[in-house]
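The residues making up each chain are set out below.
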Amino acid sequence: MTTNAIRNDLTIDKTSDTQYPIADLIKQRWSPLAFADRLVEPEKLCSVLEAAKWAASSYNEQPWSFIIATKDNQAEFARLLSCLAEGNQEWAKNAPVLMLSVAKLYFQRNGTENRHAFHDVGAAAANLAIQATALGLLIHQMAGFDVPKARELYNIPEGYDPVAAIALGYLGDPETLSERLQQREFAPRTRKPLEEFVFSTTWNQASSLVKNR
């Protein structure tokens, strides 16, 4: 699989430029806005969900659920799409798969609050993203969606919270995007250096492990 996006004679390489070596699948994962008009094979969709299933979680509670809509069911797809913020609908409408991740906020084992639920749902989504990359797919996770609307449309009960919206599919042609979205699609990927978030001794004190290396 290649994660290069091509526009005429311009090639944008989205592979991560890392400070230290990391696995290729992690380097290749990114969040596109342009998705191809191509359905995702059911076995591949089940494979990425299987990967999510095997994420680590506190007490193995597995507090994640995923609500899925695919474009071969236009009514269900439109229903989930309607939950997204208008700016996300603009491009996510072209993805063949939409999802909502949902966190169970309490432990089944004793009914107490699970303050790690969002963390664990994020871990499941990360597994999903890496497996998608391995299969030639890409995902784009979104904070921009209407939580109360999603809760109402899908009868999500008390004790559960929608976490993120997810678009999934094959990489598409960025020419299909508006000029504004193309600027985002072709923008270089950036990350903070390790020195800004790896601490020791006290808060905001860069660890000697990563400082000045």
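In the block above lies the structure referred to throughout.
Residues numbered from 1 in each chain as written. Predicted model: local features only at pLDDT ≥ 70, side-chain atom pairs only at ≥ 80, totals over all residues. Heavy atoms only, no water.

A few points about the overall build of the chain
- When you go through the chain residue by residue, the secondary structure sums to seven helices and six strands.
- In the chain, the succession of helices and strands from N to C terminus is β-β-α-α-β-α-α-β-α-β-α-β-α.
- Taking the principal axes of its C-alpha atoms as reference, the chain extends roughly 60 × 55 × 30 Å.
- Relative to its 213 residues, the chain shows a buried fraction of 38%.
- In the chain, the share of contacts with a sequence separation of at least 24, taken over all contacts with a separation of at least 6, comes to 71%. (Helix = DSSP H or I, 4+ residues; strand = E, 2+ residues; numbered from the N terminus. Buried < 20%, exposed > 50% of the residue type's maximum accessible area, 1.4 Å probe, protein only. Contact = heavy atoms within 4.5 Å.)

Quick notes on helix α2 (residues 42–53)
- Its 12 residues place the ends of α2 16 Å apart at the C-alpha level, agreeing with the 16 Å of an ideal helix rising 1.5 Å per residue.
- Every buried residue of α2 is listed here: L45, V48, A51 and A52. Here the buried residues of α2 occupy an arc of 120 degrees about the axis, which is enough to place them on one side. Counted as exposed and oriented over 90 degrees from the buried face of α2: P42, E43 and C46. (Expected span 1.5 Å × (residues − 1). Arc of directions from axis to C-beta.)

As for the packing of aromatic side chains
- Counted under the stated rule, the structure contains four aromatic pairs.
- Note on Y59 and F107: the rings are 5.6 Å apart at their centroids and 85 degrees apart in plane angle, and the pair reads as edge-to-face. You can see Y59 sitting in the loop between α2 and β3 (64–70) and its partner F107 sitting in the loop between β4 (97–104) and α5 (117–134), a full 48 residues away along the chain.
- Here the aromatic rings of Y106 and Y160 are separated by 6.1 Å at their centres, their planes lie at 80 degrees, and the arrangement is edge-to-face. In this pair, Y106 is assigned in the loop between β4 and α5 and Y160 in strand β6 (residues 160–169), connecting sequence segments 54 residues apart.
- Taking the ring centre of Y170 as reference, the NZ or CZ of R38 above it sits at 3.6 Å.
- Geometry around Y59 places R109 over its ring, the cationic atom sitting 3.9 Å from the centre. (Phe/Tyr/Trp six-rings, centres within 6.5 Å; stacked < 30°, edge-to-face > 60°. Lys NZ or Arg CZ within 6 Å of the ring centre and 35° of its normal.)

What to know about the pattern of salt bridges
- Summed over all chains, the structure comprises five salt bridges.
- The salt bridge involving K53 is made with E50; its shortest N-O contact spans 3.1 Å. In this pair, K53 and E50 both sit in helix α2, three residues apart, roughly one turn of the helix.
- Relative accessible area serves as the criterion here: at 37%, E50 is assigned to the partly exposed category.
- In this structure, D161 and R151 form a salt bridge, with 2.5 Å as the shortest nitrogen-oxygen distance. Placement of the pair is D161 in strand β6 and R151 in helix α6 (residues 147–153), with a sequence separation of 10 residues.
- Residue D161 is classed as partly exposed on the basis of its relative accessible area of 26%. (Salt bridge = Lys/Arg side-chain N within 4 Å of Asp/Glu carboxyl O.)

Description of the sheet that holds β3
- If you walk across this open sheet you meet the four strands as β3-β4-β6-β5, and the pairing is antiparallel. Two strands bound the open sheet, and with one partner strand each, they are β3 and β5 (138–142). Strand-to-strand twist in this sheet, taken as the mean axis angle between neighbours without regard to direction, amounts to 25 degrees.
- With five bridges connecting them, β5 and β6 associate as antiparallel partners. Paired with L138 across the strands is G169, a residue of β6. (Pairing = 2+ DSSP bridges. Axes fitted to C-alpha atoms, helices over the stretch in contact; angles between N-to-C directions.)

Taken by themselves, the reported measurements are silent on function.
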